[in-house]
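Coordinate analysis (summary)
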Amino acid sequence: MISKDNLAKLLFPHSKVREIQDDMILDVDNALKNKKSLIMHAPTGIGKTAGVLAPALAYAIKNKLTVFFLTNRHTQHIIAINTLKKIKEEYNLSIKAADIIGKKWMCLVPGVEMLYSGEFADYCKTVREDNKCEFYANTRTKSKLTVKAKAVLSELKQLSPCHTETVKDICSKYRLCPYEISALLAKDADVIVTDYYYIFSPAIRDSFFKRIQKDVENTIIIIDEGHNLASRVRDLMTERLSSFTVKRAISEAKKFKYNKARESLVEIKNILENLAKELKEYGETIVKKDEFAKKISQIADYDDLVSDFEFIGDAVRETKKQSSIGSVAKFLSAWQGSDEGFVRIIEKKPKAIILSYRCLDPSLVTRDIVNNAHSTIIMSGTLTPTLMYKDLLGFEENTVEKSYKSPFPVKNQLNIIVPETSTKYSLRNEKQFRRIAKICSDIVNETPGNSALFFPSYYIRDTVNHFFTKLCRKTTFLEIPNLKKEEKKELLEKFKSYKNLGAVLLCVASGSFGEGIDLPGVLKCVVVIGIPLQKPDLEAKALIDYYDMKFSKGWDYGYRLPGFNKSLQSAGRCIRSSTDRGVIVFLDQRYCWPTYFKCFPIDWDIKITKNYLNDIKDFFSKK
Ligand code: SF4
C-alpha cells in the first residue's frame, strides 16, 4: 500500500486509495520515471481516471510536461475535469487546464451542427479569413487578442479547471469564439482534456500543436477507452466519394457557373458508374490506384484538377457553408496516397456508388505519436489481449503491459457460456433462431429484474425477437438504430422504471448501448448472443490478409478479437458497482474455442454449461 505522504506527492485527490488502484498508481509512476509507455487492461471500478491523472499531473508539473487526457466521451471529459478540480481543492494547487471538444461542437454560429466535420472546417477557415465571423472578430483583430478576449481569458484562468460548457457559456455572453479562447487556455495548460483526433489526425494535430506551441516529445498522453483507438484512427484516415456527392457537386458547379468544372464532374460521375457497372446491388470490388487515376487524367491533368476544385470549393464557401466540389477535391487528393496499409474499394448501394480509400493500419499514424511522447498510457476496461493493442498501435518493444483484476467481489458475478447455439453464418436457420429465442426467454423469465440481450446485428435481433416475444413474460424494449442522445436517454429511463418488475432490452452490440450505458443497480442479467464480428466483406478480408502478412495473426487481429472485444464491452454493462449482482451469459458455441476462451479476463470464473437455468436459479437464491 502506498503511504499517505507518497499519495500526496502523487497528488492523489481522495482520502482513501482503493485496492488495485494503488498498484495502478505505482505502475503509472514507474512508467513515467522510466520514460516508458503503459498498456493497461483495467476493469470498471478501479478508479482509473484519478489513478492515472493524478500521478501524471504530479510528474508533468515537476518536469514541465503537458498531460493530454484523450477521450471521446462527454461523460469522461466531465470526470477528468472534476478530478482536476478535486486535486486543486485538496492540495490548494493552481492547475492550468483546458477542456476541448470538437471545434464544431464548441462553435456558437447557429446551424453549423448540420455540417459534416470536413465541411465545417472549410467553413470556419473561410469565414475567419474573410472576417465574416462575428465571434472570431470579437476575439481577435489582426491576429491580436481584443481587450474583451483578454479579460475573459484571465477570468477563465482563475476558474480553471473548468468544463467546456462553462467556457461556451461565458464566451456566448461576450460573443467570443470558444474554440479560440480554449486554444489560448491550452497554450499554458498543464492538462488538456480533449478528443482523440486532436492528437491522431495528422492535419489537425500539426495545426493544433503549432497553435498551442507544444510538441509531442514533451507530452504525457493518456488514452481513455483505448480499445476504440484503432478503429477511430482507421475512420479518421479513410476517405469516401459517393456518386451522390458528385451529383451535388455538378449542381453546385452549374449554380455558380463553373462550366468547365461541371463537365469534369460529369466525367467523374461516368467513371464511377463505369467502375461499378459489373456490380450487383450491395456488390463491391477492389479498384487499383492507377485504374482510377488514369481515368481521371484523361479528363485533365490530375493535380491541376485537384487544385481547380480546391479553388472553386473555397470560392463557393464564401457564400455558403459547404462545398461538394471541395469534397471531391479532398477525395481526389487523398486517393494519391500510399497503397501500404490501405485498401481501395468501390461498392454499389441501392441509392449510390461509393468509392473509398480505406485505412487498414492505424499504426501508420499512431506509432510515431505514442513512441515520441514522453510516455503514452492507454487504458480500458476491455484491453485484452494487451499484446494485440501493442502490435496494432505500434508501441515500442519496451512498453509495459498490465492486466488488473476487477475490484468487484467475484461472487457477485456469474459468468456462463452456453454452448447450445451459434450465429455463425453457415449455421443460421430458423431452427437456430427459435432455439436462441427459447434460451433467452428462459433466462430472462428466470431473472428477478431487468435483462439486456445484445445481438450481433439488427437482422438477427429482429428475427430472434419474432419468436422471443411470444415466449418472454416481461415487457420488452427494442433499441432503434441511430438514436439521438435524448431518445436514448428517454428509452433508458423507461427501461429503468421497470427495475422491480423486470423488463428486457433487446439491442445490438455495436449499436447505441453496447458501450454507452452505465446502469448501476439496474441490470441483473446480460446475454451476449453470438459474436459481433465484422461483416465478412472485402475490407474484412483485406484486414485479415494485411495482419497475416504483418504479424501472422490475420484472423485474430483482423477479425476475431475485435469482435470478441465488443462481446466483452456488452457483457461489462451488467456489473457497474461493488454492490451489483448479476449473470452474464455468452450464448454461442464459439466462446469455448481456445482463440476466444483464452481472452476472457484472467480473474473471471467461467462455467461452460447446458444446465444454465439451475445455475441462474441458484445464483439468485443466494444473497
Ligand atoms: S471562428 Fe469560432 S465561432 Fe467562428 S466559425 Fe470558427 S469556430 Fe465558429
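Sequence order sets the numbering: in each chain, residues are counted from 1 along the sequence as written. Per-residue local features of the predicted model are confined to residues with pLDDT of at least 70, and side-chain atom pairs are confined, for both listing and counting, to 80 or more; whole-chain, interface and lining totals are unaffected and use all residues. Calculation of side-chain values draws on the structure's entire complement of heavy atoms; hydrogens and water are dropped beforehand.

Points about the side chain of Thr384
Condition: Counting from the N terminus, the helices are the DSSP runs of H or I reaching at least four residues and the strands are the DSSP runs of E reaching at least two. Using a 1.4 Å probe on the protein chains alone, a residue whose accessible area is under 20% of its type maximum counts as buried, one over 50% counts as exposed, and one in between counts as partly exposed. In protein, a polar contact means a hydrogen-donor-capable atom and an acceptor-capable atom, both N or O and within 3.5 Å, with residues adjacent in sequence counting only if both atoms are side-chain atoms; elsewhere, any N or O pair within 3.5 Å suffices. Contacts: residue pairs with any heavy atoms within 4.5 Å of one another.
Along the chain, Thr384 turns up in the loop between strand 12 (375–380) and helix 20 (386–393). Take Thr384: its relative accessible area is 11%, and that puts it in the buried class. Of note is the side chain of Thr384, whose polar atom sits 3.3 Å from the backbone oxygen of Cys599. Here Thr384 is in contact with His41, Tyr389, Asn565, Leu568 and Cys599, once residues within four sequence places are set aside.

Looking at the sheet that holds strand 1 (residues 38–41)
The condition is simple: Any two strands with at least two DSSP bridges between them are considered paired. An axis is simply a line fitted to the C-alpha atoms; with a helix, the fit covers only the stretch in contact. Between two such axes, the angle follows the N-to-C directions and lies from 0 to 180 degrees.
Taken in spatial order, the 7 strands make up an open sheet running 3-6-2-7-12-1-13, and their pairing is parallel. Each edge of the open sheet carries a strand with a single partner, namely strand 3 (97–100) and strand 13 (400–403). Averaged over neighbouring strand pairs, the angle between their axes works out to 15 degrees when direction is ignored. Bridging between strand 1 and strand 13 involves 4 bridges; their strand directions are parallel. Along strand 13, the bridge assignment pairs Met40 with Lys402. Strand contacts of helix 12 (residues 202–212): strand 2 (66–70), strand 3, strand 6 (191–194) and strand 7 (219–223), with the helix running at about 145 degrees to strand 2, the strand carrying the most contacts.

So, the site of the ligand
Rule in force here: When at least one non-hydrogen atom of a residue lies within 4 Å of a molecule or strand, that residue is treated as near it. In this classification, the charged set is Asp, Glu, Lys and Arg, the nonpolar set is Ala, Val, Leu, Ile, Met, Phe, Trp, Tyr, Cys and Pro, and all remaining amino acids, among them Gly, are polar.
Every residue lining the ligand is accounted for by Lys103, Cys107, Val109, Phe120, Cys124, Val127, Arg128, Cys133, Phe135, Tyr136 and Cys177. Broken down by element, the residue count for the shell around the ligand peaks at 4 residues, all from helix 6 (residues 117–129). Taken together, the residues that form the shell around the ligand break down as 9 nonpolar, no polar and 2 charged.

Notes on the packing of helix 8 (residues 147–159) against helix 9 (residues 164–174)
Counted only if it meets this: Here is the rule for angles: anything less than 35 degrees is roughly parallel, anything more than 145 is roughly antiparallel, 65 through 115 is roughly perpendicular, and the remaining ranges are oblique. For a crossing to be left-handed, the near helix must be turned anticlockwise from the far one by less than a right angle; the clockwise case is right-handed.
Close contact between helix 8 and helix 9 brings their axes to 11 Å; oriented N to C, the two are set at 155 degrees. In terms of axis orientation, helix 8 runs roughly antiparallel to helix 9. Crossing hand, helix 8 versus helix 9: right-handed. Residues Lys148, Val152, Glu155, Leu156 and Leu159 of helix 8 touch helix 9, and the partners they reach there are Val167, Ile170 and Tyr174. Residues belonging to the contact of helix 8 with helix 9 are distributed by class as follows: 6 nonpolar, no polar and 2 charged.

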